[in-house]
Amino acid sequence: MLDGATGSELERRGVSCALPLWSAHALLHAPEVLREVHRDYAAAGAHALTANTFRTQRSVLARAGLASRAAELSALAVRLAREGARAAGAEDTLVFGSAATLEDCYSPERVPDDATLAREHAAHAQNLVRAGADALLIETMNTAREAEAALRAAREAGADALVSFVCGSDAQLLSGEPLAEAIERVRALGPLAIGVNCASWARLAACLPVLRAGGVPFFAYANLGAPASDGSFVASGELAPDQFAEEAARWAGAAAAWVGGCCGTQPAHIAAITARLANTRVRPDGRSAPE
């Protein structure tokens, strides 16, 4: 069980997540709220918490004059996740370090050149390893090129990593690349698992057959909403927690090794998935059925 959203959940709790720092604002101004978010996800049943390092890359922090604090803020994010797990009595909960795109997740045309990708992802991966993250979650990748660069950086830093893509329609990355080709491109670098995130549950469903055929464990965590022009996230509320849990059970039934929620989801969604899957078994054909 993965956790749910961090940025949109911080916004829901009254913490500003304005660009360019987005969720990293909480590290500077509301660490106690961030710790509570992690605590609530651990209490809801998450086996892994994603540290709030989605926007602690050196190049992103530089836009706010904070480049020199990249290692410090990444370490703080990992520590707050661990403290949240302990507060929930779940000390064994894993902490993943988030490694996202250097530019906007929904703008593949803005992906930097290869040299920049290699340099900046290497620095971020090294910071996360030094901070003690159990693995890196390379997430919301909109091109295979950046996913490959981030995964290579993680492996060279000595970290295990999971890789997740954001897809549009027809199981294609936002760049237009087929998901199957992106999986093939990163698989040789030895990720622990490959997944899809920050797509609607309907678009994610179209990716499941491709993920399952990819030859490595896979995972899925859908969003509920869309970003606004100012960078904030507007939750759609289209699926109540129990309905979202039904969708997550379908991902598990398709043999997903990990499931969870992305932007717009809350601890209630993770608690609902936990309860739903506790009463579900996976049949030999990969489908789920009530116990």
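Structure: above.
Please read all numbers here as calculations on a predicted model, not as lab measurements.

Caption draft 1: Quick peek at the packing of helix α3 (residues 31–44) against helix α11 (residues 267–278). Taken N-terminus to C-terminus, the directions of α3 and α11 make an angle of 15 degrees; their axes are 8 Å apart at the nearest point. Classified by the angle their axes make, α3 and α11 are roughly parallel. As for how α3 packs across α11, the hand of that crossing is right-handed. Between α3 and α11, the contacting residues are Asp40, Tyr41 and Ala44 on the first element and Pro267, Ile270, Ala271 and Thr274 on the second.

Caption draft 2: View of the nonpolar core. Membership of the largest hydrophobic core comes to 96 residues, with the highest contact counts inside it found for Ile138, Phe165, Leu179 and Trp251. The greatest single-element share of this core, amounting to eight residues, is contributed by helix α5 (residues 70–87).

Caption draft 3: Structural detail: the pattern of salt bridges. Using the criterion set out here, one finds 19 salt bridges in the structure. Glu120 is paired through a salt bridge with Arg58; the nearest N and O atoms lie 3.2 Å apart. In this pair, Glu120 sits in helix α6 (residues 114–131) while Arg58 sits in helix α4 (residues 58–61), placing the two residues 62 residues apart along the sequence. By relative accessible area, Glu120 is classed as buried at 7%. Residue Glu120 pairs with Arg119 through a salt bridge whose shortest N-O separation is 3.2 Å. Of the residues examined, Arg119 reaches a relative accessible area of 45% and is grouped as partly exposed. Through salt bridges that share partners, Glu9, Arg12, Arg13, Arg39 and Asp40 make up one connected network.

Cut-offs applied
- Residues numbered from 1 in each chain as written.
- Predicted model: local features only at pLDDT ≥ 70, side-chain atom pairs only at ≥ 80, totals over all residues.
- Heavy atoms only, no water.
- Axes fitted to C-alpha atoms, helices over the stretch in contact; angles between N-to-C directions.
- Helix = DSSP H or I, 4+ residues; strand = E, 2+ residues; numbered from the N terminus.
- Parallel < 35°, antiparallel > 145°, perpendicular 65-115°, else oblique.
- Left-handed = near helix turned anticlockwise from the far one by under 90°.
- Contact = heavy atoms within 4.5 Å.
- Core = buried A, V, L, I, M, F, W, Y, C linked by side-chain atoms within 4.5 Å.
- Buried < 20%, exposed > 50% of the residue type's maximum accessible area, 1.4 Å probe, protein only.
- Salt bridge = Lys/Arg side-chain N within 4 Å of Asp/Glu carboxyl O.

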